[in-house]
Amino acid sequence: MRKDRRAAGITACVAAIALVVGCSGSGGKDDEDKSGDGGGGGKGVDTPRLKIAMVTHSGEGDTFWDIVQSGAKQAARKDNVDFLYSNDKEAKGQAELVQSAIDKKVDGIVVTLAKPEAMKAVLGKAASAGIPVVTINSGGEFSAEFGALSHIGQDESVAGEAVGDELTKRGKKKVLCVIHEQGNVSLEQRCAGVKKTFKGSVENLNVEGTNAPNAQSSISAKLQATKSIDAVVTLGAPIAAISVKAKEDAKSGAEVDTFDLNAEVVKRLKAKEVGFAVDQQPYLQGYLAIDELWLYKTNANVLGGGKPVLTGPAIVTEKDVPKLEKYTARGTR
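Residues numbered from 1 in each chain as written. Predicted model: local features only at pLDDT ≥ 70, side-chain atom pairs only at ≥ 80, totals over all residues. Heavy atoms only, no water.

Novice: How do you make sense of the overall build of the protein when you look at a structure like this?
Specialist: When helices and strands are tallied, the protein shows 12 helices and 12 strands. Out of the 333 residues belonging to the protein, those deemed buried represent 55%. Look at the contacts in the protein between residues 6 or more apart in sequence, and 71% of them connect residues 24 or more apart. As presented, the protein carries roughly 14200 Å² of accessible surface, and 50% of it is formed by carbon and sulfur atoms. (Helix = DSSP H or I, 4+ residues; strand = E, 2+ residues; numbered from the N terminus. Buried < 20%, exposed > 50% of the residue type's maximum accessible area, 1.4 Å probe, protein only. Contact = heavy atoms within 4.5 Å. Areas by Shrake-Rupley, 256 points an atom, 1.4 Å probe, with all protein chains shown as cover.)

Following this line, the structure appears as structure tokens:
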């Protein structure tokens, strides 16, 4: 794992260097002299125009995927790529979107494997069509089996274990782990990781992440019913904000901690409404996925040497706020 993390760090540094010379706009040469949100500017590559699709399991309103797209678009601008994004929280719908990308004869596909079995057949079709695939974010253990070049993201079990250790250090005794999408293997792995290393007890709570009022009500009711809960772990930044409100409704003293980072979480870290966050660097997941497919198509390169390219986890607290605020404000962290 330490070797994987060193490799990921080197990859991240390469991406950061590339980011500096990147160009901006909707993608490709038309906008290559403009300044981008990710700090780009200058001329892009002169390789042939490529069309790359990204298909994720994102539900509506999840800002995590805005950051992923921000990284992907920056890489697309640099690499002369026509970037096509689509999403569906339902596994069947996501598989249909991948099939649509295959039908469009794209040059590459970036896909998440939150519900891997639903994606196996359609990714087999992508392979048969000669379309290279990179997986990101979730389901990394299925990536090679499904024929992907590599997987870019964090090891969800390791990330969960890091949270369990941190909660133990903070002296917590009873944790509520909030799963905002049932059946998502990555979310289940996170909670299982927390349970593995945490010295206290962990209870999972399933909520509907795309229905904020219902999610808030469910969390609040659980906190009211179980006064001994002294920490709430959420698995996505939007649910952290909901949990802070639920805690207030329940008049609970539980600490709210979360996976993932955005401007709202940094604001709440600063206000000490959130204790800590786990950053898996979604910008890098989008950026590196597009960059890898471009490298593969133009130079037969593959990242990771058959191993996952790790972009996390890293624990961030209010001490990290000063260096993160400007990046989360522009949507790149």
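After presenting the structure, the write-up continues.
Novice: Before we go on, may I ask you to explain the state of the cysteines in this structure?
Specialist: By definition, a disulfide links two cysteine residues through a covalent bond between their sulfur atoms. Under the definition given, this model contains one disulfide. The disulfide bridge from C177 ends at C191, spanning 2.1 Å between sulfur atoms. Judged by the sign of its S-S torsion, about -90°, the cystine formed by C177 and C191 is left-handed. Residue C177 is located in strand β6 (residues 174-179), and its partner C191 is located in helix α7 (residues 185-197); the two are separated by 14 residues in the primary sequence. The buried category is assigned to C191, whose relative accessible area is 1%. (Disulfide = S-S within 2.5 Å.)

Novice: I'm lost on α7 in this one. Help?
Specialist: Every α-helical turn comprises 3.6 residues, leaving residues that sit three or four positions apart pointing alike. With 13 residues, α7 extends 19 Å between its outermost C-alpha atoms, agreeing within 8% with the 18 Å of an ideal straight helix rising 1.5 Å per residue. Buried residues along α7 sit against α5 (140-143), α6 (156-169), β6, β7 (201-206) and β9 (255-259). The N-terminus of α7 is capped by N184, whose side-chain oxygen sits 3.0 Å from the backbone nitrogen of S186. (Expected span 1.5 Å × (residues − 1). Polar contact = N/O pair within 3.5 Å; in protein donor to acceptor, adjacent residues only side chain to side chain.)

Novice: Which parts of the structure should I look at to understand the sheet that holds strand β4 (residues 133-136)?
Specialist: Note: strands within a sheet are paired through backbone hydrogen bonds, in either parallel or antiparallel orientation. Pairing in this open sheet of six strands is parallel, and the strands run β2-β1-β3-β4-β5-β11 from one edge to the other. The sheet is open, and its two edges are formed by β2 (81-87) and β11 (309-310), each paired on a single side. Across four bridges, the pairing between strand β1 (residues 50-56) and strand β3 (residues 108-112) is parallel. Looking at β3, one finds that M54 is bridged to V110. Lying over the sheet, helix α4 (residues 117-128) contacts β3 and β4, oriented at roughly 170° with respect to β3. (Pairing = 2+ DSSP bridges. Axes fitted to C-alpha atoms, helices over the stretch in contact; angles between N-to-C directions.)

Novice: So what exactly am I meant to see when it comes to the confidence of the model for the protein here?
Specialist: As a general rule, the predicted coordinates of low-pLDDT regions are not to be interpreted in detail. Per-residue confidence for the protein averages 89 on the pLDDT scale, and 87% of its residues sit at or above 70. Counting contacts from residues 1-42, a segment whose pLDDT is below 50, to residues more than four positions away or on other chains yields 83 contacts. (pLDDT = per-residue confidence, 0-100.)

Novice: Explain the side chain of R77 to me, please; I cannot follow it from the model alone.
Specialist: Among the structural elements, R77 can be located in helix α2 (residues 64-79). When its relative accessible area of 9% is taken as the criterion, R77 is described as buried. Reaching out from R77, the side chain makes a polar contact with the side chain of Q74 at a distance of 3.0 Å.

Novice: For this particular structure, what's the right way to read the sheet that holds strand β10 (residues 277-279)?
Specialist: Taken together, the six strands give an open sheet; going across it, the order is β7-β6-β8-β9-β10-β12, and neighbouring strands pair in mixed fashion. Two strands close off the open sheet at either side, each with one partner strand: β7 and β12 (314-316). Adjacent strand axes in the sheet meet at a mean angle of 25°, parallel and antiparallel pairs treated alike. Inspection of the sheet shows β6 paired to β7 by six bridges, in the parallel sense. From the neighbouring strand, V175 faces β7, where its bridge partner is V202. Against the sheet, helix α8 (residues 212-225) contacts β6, β7 and β8 (231-234), and its axis sits at roughly 145° relative to β7.

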